[in-house]
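So you can see what is in the structure, the chains are spelled out below.
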Amino acid sequence: MQPQVLVLNNSTKRESGSRVHYAVIQAAKAVADIIRTTLGPRSMLKMLLDAAGGIVVTNDGNAILRELDLAHPAAKSMIELSRTQDEEVGDGTTSVIVLAGEMLHVAEAFIDKKYHPTVITRAYNKALEDALAVLDKIAMTIDVKDRATMLGLVKSCIGTKFTSRFGDLIADLAIDSTSMVGVDLGQGLREVDIKKYIKVEKLPGGQLEDSHVLKGVMINKDVVAPSKMRRKIVNPRIILLDSPLEYKKGENQTNAEIVREEDWEVLLRMEEEYIENLCAQILKFKPDVVVTEKGLSDLACHYLSKAGVSALRRVRKTDNNRIAKACGAVIVNRPDELQESDVGTGAGLFEVKKYGDEFFAFIVECKEPKACTVLLRGASKDLLNEVERNLQDAMCVARNIIKNPKLLPGGGATELTVSATLKQKSSSIEGIEKWPYEAAALAFEAIPRTLAQNCGVNVIRTMTALQGKHANGENAWIGIDGNTGVIADMKEKRIWDSYTVKAQTFKTAMEAACMLLRIDDIVSGIKKKQAPGAAPQKPKVEQAEDADNEQILPE
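This is a predicted model, so every value here is computed, not measured.

1. Comments concerning the overall build of the protein chain
Thought 1: A tally of regular secondary structure across the protein chain gives 18 helices and 22 strands.
Thought 2: In the protein chain, which comprises 555 residues, the share counted as buried stands at 48%.
Thought 3: Relative to all contacts within the protein chain whose residues are 6 or more apart in sequence, the contacts with residues 24 or more apart total 74%.
Thought 4: Surface summary for the protein chain: the accessible area is close to 28800 Å², and the carbon and sulfur share equals 50%.

Below, the structure is given as structure tokens:
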């Protein structure tokens, strides 16, 4: 008999084979169960305490999972799913986890029967291709300019959120802001950059109904000298700079020795003249508002206010970019290079208003703004944070529709159609892959089933009735009305889903399930651990004589 050879370190734990598969599936199911109740309009909210001791109250799948601290590696990769979904399309973060969890759950039976994971993943990939083909078949194209349809779509997407009770409000904000900042790329394509050009400002106080989209930009700044400068200017000419309006300090330390007293005066006068020149170059263009990202000295402030110009200083770069997009100005690096074309004349009103204790500068009523600010008012910070998350989702949905104007039925109807079609197709598949393929078809029913559960209706009865309606892949638009749990026609109820979101959900969930199924070994504890019971090493105190033979870099 050969002696036993230790390959792995003692402190490492290794699991392999079917135990890993079961562990991975358990972990994925656990994550899916956490957020299963947050799917659909009758969803529950989750309250989480974050590390800083603050609370997060939300039912946005991604926001919940982001706050969780999980130990199992497979559960961590499930969390990545909802983050990918959130970054890619902004909605469907909960569905993606529920679907991936279900896909793994149905695979468990095959692992029991000693199927090889590759066979299961091959069947799943085939099912994914067919599912996407079904989506293409039942999708309907809409006109992006038809506001009623757009409203219906965005509303059904945020109907599952906390703000659904404020109905059209959030949907209106989302559609207004995204259609404002859309840029035509030609060939009928439109690009909407939500992150850069739509700023959401949350101001506690007031009512939610006071929230609105500004046709322009708002920044948390007051004019530099409130007593001397105008706080309201109609049709302002705006100049944007990203250079300081103060005396240039030397790049490195400069020493000047002055022998005669007059030279000191000359130096001071040079500083003053430099600033006066700077201001003269700017005032040549008769601006009303000057915004700079850097500092603005008292002297410059004096010259500007004397000429009746309002100035804002130390504005963030992102804000400055938004102002440029909104009023049509160009950000200038050096005042001596200013041209008439750099002056922004697109804004209709510059105004400083006070909300609570703070002053906000508004540059609004722009002619054709390509950047905007959504102003949210509400009772408390938590409420505003949740509204902002919902608005973010709504804006992403509006953006997806502008990019790809195709709709699918909501309320679980799409999944049921896909499921029915795949069940039919499974009979024509030969060989061992037939069974996992059929199981994948069944897994799609997880979404309508969860919807029914969250409504509190009789799940089995509802699901049987729905499967009967969808039996041969017809009645593609019959689904569950998430509020009442009644089986209804989604076209009449205007419960729609964006094609981009659905397709992305299916792809992400399937690919993740395949990836997790192919894991057959988990090795943990690779870090060097201190021996148990050993006292922690004391920090070494350095003596003066050690300094000579000390090496800078630790060996």
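From this point, the discussion proceeds with the structure in view.
2. A closer look at the sheet that holds strand β7 (residues 198–204)
Thought 1: Across the sheet, which stays open at both edges, the three strands sit in the order β7-β17-β8 with mixed pairing between neighbours. Unpaired on one side and paired on the other, β7 and β8 (212–214) mark the two borders of the sheet. Direction aside, the axes of adjacent strands within the sheet are offset by 25° on average.
Thought 2: Strand direction decides the pairing type here: β8 and strand β17 (residues 372–378), joined by three bridges, are antiparallel. When the bridges of β17 are listed, H212 appears paired with L375.

3. Structural notes on the nonpolar core
Where a protein is soluble and globular, its nonpolar side chains tend to be buried together.
Thought 1: If you look at the biggest cluster of nonpolar residues, it comprises 106 residues, and the most contacted ones within it are I97, M103, Y124, V154, L391 and F444.
Thought 2: Ranked by residue count, the leading element in this core is helix α5 (residues 117–138), at 11 residues.
Thought 3: When neighbours within four sequence positions are excluded, I97 is seen to be in contact with V31, A32, I35, L65, M78, L81 and S82.
Thought 4: With 42 residues, the next largest nonpolar core counts I239, I323, A329 and A361 among its residues.

4. Things to note about helix α11 (residues 317–327)
Thought 1: Inspection of α11 places D319, N320, R322, I323, A324, A326 and C327 among the buried residues, and these make up the whole buried set.
Thought 2: Within two residues after α11, G328 carries a phi angle of roughly 85°, on the positive side.

5. Considering the environment of V364
Thought 1: Here V364 lies in strand β16 (residues 358–364).
Thought 2: You can call V364 buried: its relative accessible area is 10%.
Thought 3: Note: C-alpha distance between V364 and I323 (41 residues apart in sequence) is 9.6 Å.
Thought 4: Apart from residues no more than four positions distant in its own chain, V364 is found in contact with L214, K215, G216, V217, A347, G348 and L349.

6. Points about a negative patch on the surface
Thought 1: Taken together, E271, E272, E273 and E276 make up a surface patch of like negative charges.
Thought 2: Looking at where E276 falls in the secondary structure, it is placed in helix α9 (residues 261–283).

7. Some details on the packing of α5 against helix α18 (residues 499–517)
Thought 1: Following both chains from N to C, one finds α5 and α18 inclined at 175°, their axes separated by 9 Å at the closest point. The orientation of α5 with respect to α18, classified from their angle, is roughly antiparallel. Residues P117, I120, T121, Y124, N125, A127, L128, A131, L132, L135 and D136 of α5 form the contact with α18, whose own contacting residues are Y499, K502, A503, F506, K507, M510, E511, A513, C514 and L517.
Thought 2: Looking at the contact of α5 with α18 residue by residue, the class counts come to 15 nonpolar, two polar and four charged.

8. Let's talk about the pattern of salt bridges
Thought 1: Scanning the model with the defined rule gives 27 salt bridges in all.
Thought 2: A salt bridge links D130 to K425; the nearest nitrogen and oxygen atoms lie 3.9 Å apart. Here D130, found in helix α5, pairs with K425, found in helix α13 (residues 413–426); they are 295 residues apart in sequence, far enough to count as distant.
Thought 3: When its relative accessible area of 35% is taken as the criterion, K425 is described as partly exposed.
Thought 4: Of the charged contacts, one joins K423 and E445 as a salt bridge, the two residues approaching to 2.9 Å between their closest N and O atoms. Taken as a pair, K423 in helix α13 and E445 in the loop between α14 (434–443) and α15 (446–455) lie far apart in primary sequence, 22 residues in all.
Thought 5: Look at K423 and you get partly exposed, because its relative accessible area is 30%.
Thought 6: Residue classification places E445 among the buried residues on the basis of a relative accessible area of 5%.

9. Quick look at the pairing of β16
Thought 1: Taking burial as the measure, the seven residues of β16 include five buried ones, the bulk of the element.
Thought 2: Where strand β15 (residues 349–355) and β16 come together, seven bridges link them in antiparallel fashion. For K353, the partnering residue across the bridge sits in β16 and is F360.
Thought 3: Between β15 and the antiparallel strand that follows it, β16, lie two residues; G356 among them carries a positive phi value of about 65°.

10. Looking at the sheet that holds β15
Thought 1: Taken together, the four strands give an open sheet; going across it, the order is β9-β16-β15-β10, and neighbouring strands pair in antiparallel fashion. At either end of the open sheet lies a strand with only one pairing partner, and these are β9 (217–219) and β10 (232–234). With direction set aside, neighbouring strand axes in the sheet form an average angle of 25°.
Thought 2: Of the strands in this sheet, β9 and β16 are in contact with α11, which crosses β9 at around 150°.

11. Topic: the pairing of β17
Thought 1: The buried fraction of β17 amounts to seven of the seven residues, a majority that puts the element mostly inside the structure.
Thought 2: Both faces of β17 are covered, namely the face carrying C372, V374, L376 and G378 and the face carrying T373, L375 and R377.

12. Points about the packing of helix α4 (residues 93–112) against α15
Thought 1: Packing of α4 against α15 brings their axes to within 9 Å, and their N-to-C directions diverge by 115°. You can see that α4 and α15 cross each other, and the crossing is right-handed. Along the contact surface, α4 presents S95, V98, L99 and E102, while α15 presents A446, I447, R449 and T450.
Thought 2: Taken together, the residues that form the contact of α4 with α15 break down as four nonpolar, two polar and two charged.

Reading the values: the criteria
Residues numbered from 1 in each chain as written. Predicted model: local features only at pLDDT ≥ 70, side-chain atom pairs only at ≥ 80, totals over all residues. Heavy atoms only, no water. Helix = DSSP H or I, 4+ residues; strand = E, 2+ residues; numbered from the N terminus. Buried < 20%, exposed > 50% of the residue type's maximum accessible area, 1.4 Å probe, protein only. Contact = heavy atoms within 4.5 Å. Areas by Shrake-Rupley, 256 points an atom, 1.4 Å probe, with all protein chains shown as cover. Pairing = 2+ DSSP bridges. Axes fitted to C-alpha atoms, helices over the stretch in contact; angles between N-to-C directions. Core = buried A, V, L, I, M, F, W, Y, C linked by side-chain atoms within 4.5 Å. Patch = residues over 30% accessible without salt bridge, like charges linked within 9 Å, V, L, I, M, F, W, Y side chains within 5 Å. Salt bridge = Lys/Arg side-chain N within 4 Å of Asp/Glu carboxyl O. Lys, Arg positive; Asp, Glu negative; His and termini not counted. Charge placed at Lys NZ, Arg CZ, Asp CG, Glu CD. Parallel < 35°, antiparallel > 145°, perpendicular 65-115°, else oblique. Nonpolar A, V, L, I, M, F, W, Y, C, P; charged D, E, K, R; others polar. Left-handed = near helix turned anticlockwise from the far one by under 90°.

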